[in-house]
Amino acid sequence: MQYKWAQLDLARQMESMDFIKEFITIMADAGYNGLLLYLEDRVRTNSYPYPADSDCYTEAQMKKLVAFAAKRDVEIVPCVATLGHAERFLAHPELEKLSELQGDMKGRFGWTKKQTFCPTHPEFYPFLTGYLKEVAALFPSKFFHAGLDEFWDYCLCDRCRKAAPDFEAQQALFVKHIEKIHDCLAACGKRMMMWSDMFEYYPDAISRIPKDIIMIDWQYQEDVRCYLHHLFDCRVENRLEVNRKNGLDTFLGPVDMLYRNAQSYLEYAENK
């Protein structure tokens with residue numbers, strides 16, 4: 001099967017149901033067969049009742065959207081960020097305790113904004129896996145995207161520093177997190193997807209994760225054949241080959257603001 005998907009970022013810009021339906025209709029007419037909804041916390045569930053009505057979608061709305069898309073042969077795939085990009089979750093006082101940054105702690109780049117979950121907090125996985133199960137139940141797709149990009153404020157709190165006191169221990173904690181999310185989604189009948197960029201920083205972790213996880217490779221540069229690290233250095237590497245050597249499938253995630261980005265992605269991958 002050929003997967004021709006688009007992504008709609010509803011976390012950063014919430015859209016009306018009418019807009020999303022129109023987007024799906026345009027996609028279907030153009031030959032697309034899937035829509036990745038980047039949600040973060042936009043779906044309110046029994047275990048996550050905190051968002052205001054104007055700041056979220058209901059479970060009933062998502063079910064109706066799935067049915068609307070299915071009539072047009074468009075598969076809807078949810079994305080819930082499970083480590084970084086958690087600022088919407090952590091903005092609620094009830095969940096602030098799950099943040100890596102507590103009080104006035106400063107993050108890796110000097111900010112105090114709470115945007116990364118603490119993977120060693122004893123209440124973190126019960127909350128997160130419960131929410132993932134509720135969201136997964138709304139979408140018949142066999143895929144579920146778990147985010148996992150750009151978790152900058154990682155292993156900074158006292159509890160995490162004790163659990164992962166050095167770089168190798170941080171990698172091991174990252175792998176453990178991936179395994180927990182993978183097992184949760186597998187129990188829901190889903191195949192896990194994730195962004196691939198943080199394996200540039202934790203390179204040994206990629207060989208230790210479940211082989212059925214799909215890497216989604218994203219780059220914003222004009223020509224991806226001259227691949228540059230996402231993480232502030234200029235090392236050039238072939239991420240598709242790294243994924244292949246580790247037995248992992250890759251989906252390409254070109255950016256729509258540069259035509260050449262998408263074109264060079266296809267040229268880069270055509271012989272893989």
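Check the entry above for the structure.
Residues numbered from 1 in each chain as written. Predicted model: local features only at pLDDT ≥ 70, side-chain atom pairs only at ≥ 80, totals over all residues. Heavy atoms only, no water.

A. View of the overall build of the protein chain. Per the secondary structure count, the protein chain includes eight helices and seven strands. Against the 2.2 N^0.38 benchmark of 19 Å for 272 residues, the protein chain shows a C-alpha radius of gyration of 19 Å, consistent with a compact globule. Burial analysis of the protein chain (272 residues in total) assigns 54% to the buried set. By element, 51% of the accessible surface of the protein chain is carried by carbon and sulfur atoms, the whole surface being about 12800 Å². If the 33 positive side-chain charges of the protein chain are averaged to one point and the 41 negative ones to another, these points end up 4 Å apart. (Helix = DSSP H or I, 4+ residues; strand = E, 2+ residues; numbered from the N terminus. Rg over C-alpha atoms; globule rule 2.2 N^0.38 Å. Buried < 20%, exposed > 50% of the residue type's maximum accessible area, 1.4 Å probe, protein only. Areas by Shrake-Rupley, 256 points an atom, 1.4 Å probe, with all protein chains shown as cover. Lys, Arg positive; Asp, Glu negative; His and termini not counted. Charge placed at Lys NZ, Arg CZ, Asp CG, Glu CD.)

B. The pairing of strand β5 (residues 191–195), seen in detail. Counting buried positions along β5 gives four out of five residues, so the element sits mostly inside the fold. Pairing geometry for β5 and strand β6 (residues 214–219), over three bridges, is parallel. Directly across from M193, in β6, lies its bridge partner I214. (Pairing = 2+ DSSP bridges.)

C. Broad picture of the side chain of T120. Turning to its location among the elements, T120 is positioned in the loop between α3 (87–90) and α4 (124–136). Note on T120: relative accessible area 18%, which makes it buried. A distance of 3.1 Å separates polar atoms of two side chains, one belonging to T120 and the other to R159. Those residues within four positions of T120 in sequence are excluded, and the remaining contacts are R159, C160, A163 and L173. (Polar contact = N/O pair within 3.5 Å; in protein donor to acceptor, adjacent residues only side chain to side chain. Contact = heavy atoms within 4.5 Å.)

D. Spatial organisation of the pattern of salt bridges. Overall, the coordinates contain twelve salt bridges when judged by the stated rule. Between K97 and E123 there is a salt bridge; the shortest N-O distance is 2.7 Å. Taken together, the positions of K97 in the loop between α3 and α4 and E123 in the loop between α3 and α4 put the pair 26 residues apart, joining distant regions of the chain. Given the relative accessible area of 38%, K97 is considered partly exposed. Of the residues examined, E123 reaches a relative accessible area of 39% and is grouped as partly exposed. One salt bridge connects D223 with R260, and the closest N-O pair in it is separated by 3.8 Å. Pair noted here: D223 is in the loop between β6 and α7 (239–245) and R260 is in helix α8 (residues 259–269), with a separation of 37 residues, a long-range link. Taking the relative accessible area as the measure of exposure, D223 reaches 21% and is therefore partly exposed. Connected via shared salt-bridge partners are D41, R42, D55 and R88. (Salt bridge = Lys/Arg side-chain N within 4 Å of Asp/Glu carboxyl O.)

E. Structural detail: the packing of aromatic side chains. This model, assessed by the stated rule, comprises 29 aromatic pairs. Through a chain of ring-to-ring contacts, the aromatic side chains of Y48, Y50, F89, F117, F124, Y125, F127 and Y131 assemble into a single cluster. Note that R72 overlies the ring of F68, its terminal NZ or CZ placed 3.7 Å from the centroid. (Phe/Tyr/Trp six-rings, centres within 6.5 Å; stacked < 30°, edge-to-face > 60°. Lys NZ or Arg CZ within 6 Å of the ring centre and 35° of its normal.)

F. Focus on unusual backbone geometry. In the Ramachandran plot, D73 falls in the positive-phi region, its phi being about 60° despite a non-glycine side chain. Summarising the element assignment, D73 is placed in the loop between α2 (59–70) and β3 (75–79). Residue D73 is classed as exposed on the basis of its relative accessible area of 64%. One non-glycine residue, L148, adopts positive backbone phi at about 80°. Relative to the assigned elements, L148 resides in the loop between β4 (143–145) and α5 (158–163). A residue is classified by how much of its surface remains accessible, and L148, at 1% relative accessible area, is buried.

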